[in-house]
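Structural features, examined
Residues per chain are reported as follows:
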Amino acid sequence: MARIDIRGKLIPNDYKWFYDYFEEDSTCPKDVNKILDAAAEGEELEVYINSPGGVISVGSEIYTLLRSAKESRGLKIYITGEACSAASVIAMAGYCEMSPTALMMVHCVSTGRVSGNHVEMEHTAEVLRTADRALCTAYMEKSGMTEREALEMMERETWLNAQQAVGRGLVDAVMFEETGAGEETALAAGNAFRLPTKAQMERVKRLIGESGPAGAKEAKKKAEMKLRALKNPILQWTA
């Protein structure tokens, strides 16, 4: 049995070192590929998801990797904490069970990259609508929803507990069903997602390089302080 953990933010491969340096949970496509490459031929896969989402192209790539792997081996997906945004797309890749205390959230694609005149704004809106239609196919194929039903669910930013997700056909079963399936789960807080900018990552690289091995801990402390202070808008499409 090969285990794949989809934890933390969904990020591109070239951001992985940054999150690892600060010991923050994150998942990139390369993480999943490594496990798939190391797994024996025909070895069954178990995927555990606890992610607030992230970059939509990353969610799409991981979804595609798992869908492709499912053709030659067994695949079971378990949502243990949350499967929100792009992470909910990954959950559609195969048979899926959801913890009775877990949450799923689906919504429309968003971007921080927008400026210009009305033509450019309208173009961006059309790009976002196209991205929404592309992503909603994952929900449609899993649940049997129509495109209109899936898009309406996304447009409302729909939060689902395990029983509600099963009712919509997005999840196949509730884990430990006899111990409390269907109980309402209180919504504690939302999740804000921001990738570090390239400038922030370069700054951390310089801090690491300047400090040398002896000053690595001090460099990390300084970098963490800078990271908390820097909150630039994301430069990637996110879901």
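Heads up: these notes are all about the structure in this document. No experiment lies behind these values; they were computed from the predicted model shown.

**Concerning the packing of helix α5 (residues 118-143) against helix α6 (residues 147-155)**
The contact between α5 and α6 brings their axes to 9 Å, and the two run at 110 degrees. Here α5 lies roughly perpendicular to α6, going by the angle between them. Residue-level contacts link Asp-132, Arg-133, Leu-135, Cys-136, Tyr-139 and Met-140 of α5 to Glu-147, Ala-150, Leu-151, Met-153 and Met-154 of α6. Grouping the amino acids of the contact of α5 with α6 by side-chain chemistry returns eight nonpolar, no polar and three charged.

**Details of unusual backbone geometry**
At Glu-23, a residue that is not glycine, the phi angle is positive and equals roughly 55 degrees. Structurally, Glu-23 is set in the loop between α1 (16-21) and β2 (26-27). The backbone of Glu-157 shows a phi angle near 45 degrees, a positive value even though the residue is not glycine. Considering the arrangement of structural elements, one finds Glu-157 in the loop between α6 and β7 (158-160).

**Remarks on the nonpolar core**
Membership of the largest hydrophobic core comes to 61 residues, with the highest contact counts inside it found for Ile-6, Ile-49, Leu-66, Ile-79, Met-104 and Tyr-139. For this core, the leading source of residues is helix α3 (residues 56-70), giving seven residues. Setting aside chain neighbours within four positions, we find Ile-6 in contact with Thr-27, Val-32, Val-47, Tyr-48, Ile-49, Asn-50, Ser-51, Ile-62 and Ile-90.

**Thoughts on the side chain of Asp-132**
In this fold, Asp-132 is placed in helix α5. There is a polar contact of 2.7 Å between the side chain of Asp-132 and the backbone nitrogen of Val-109. In this structure, Asp-132 is in contact with Cys-108, Val-109, Leu-151 and Met-154, ignoring residues within four places of it in sequence.

**Looking at the pattern of salt bridges**
Scanning the entire structure with this criterion turns up twelve salt bridges. Across the pair Lys-198 and Asp-14 runs a salt bridge whose closest N-O atoms are separated by 3.0 Å. In this pair, Lys-198 is assigned in helix α8 (residues 198-211) and Asp-14 in the loop between β1 (2-10) and α1, connecting sequence segments 184 residues apart. Taking relative accessible area as the criterion, Lys-198 reaches 44% and is therefore assigned partly exposed. The class of Asp-14 is partly exposed, set by a relative accessible area of 43%.

Rules of the game
- Residues numbered from 1 in each chain as written.
- Predicted model: local features only at pLDDT ≥ 70, side-chain atom pairs only at ≥ 80, totals over all residues.
- Heavy atoms only, no water.
- Axes fitted to C-alpha atoms, helices over the stretch in contact; angles between N-to-C directions.
- Helix = DSSP H or I, 4+ residues; strand = E, 2+ residues; numbered from the N terminus.
- Parallel < 35°, antiparallel > 145°, perpendicular 65-115°, else oblique.
- Contact = heavy atoms within 4.5 Å.
- Nonpolar A, V, L, I, M, F, W, Y, C, P; charged D, E, K, R; others polar.
- Core = buried A, V, L, I, M, F, W, Y, C linked by side-chain atoms within 4.5 Å.
- Buried < 20%, exposed > 50% of the residue type's maximum accessible area, 1.4 Å probe, protein only.
- Polar contact = N/O pair within 3.5 Å; in protein donor to acceptor, adjacent residues only side chain to side chain.
- Salt bridge = Lys/Arg side-chain N within 4 Å of Asp/Glu carboxyl O.

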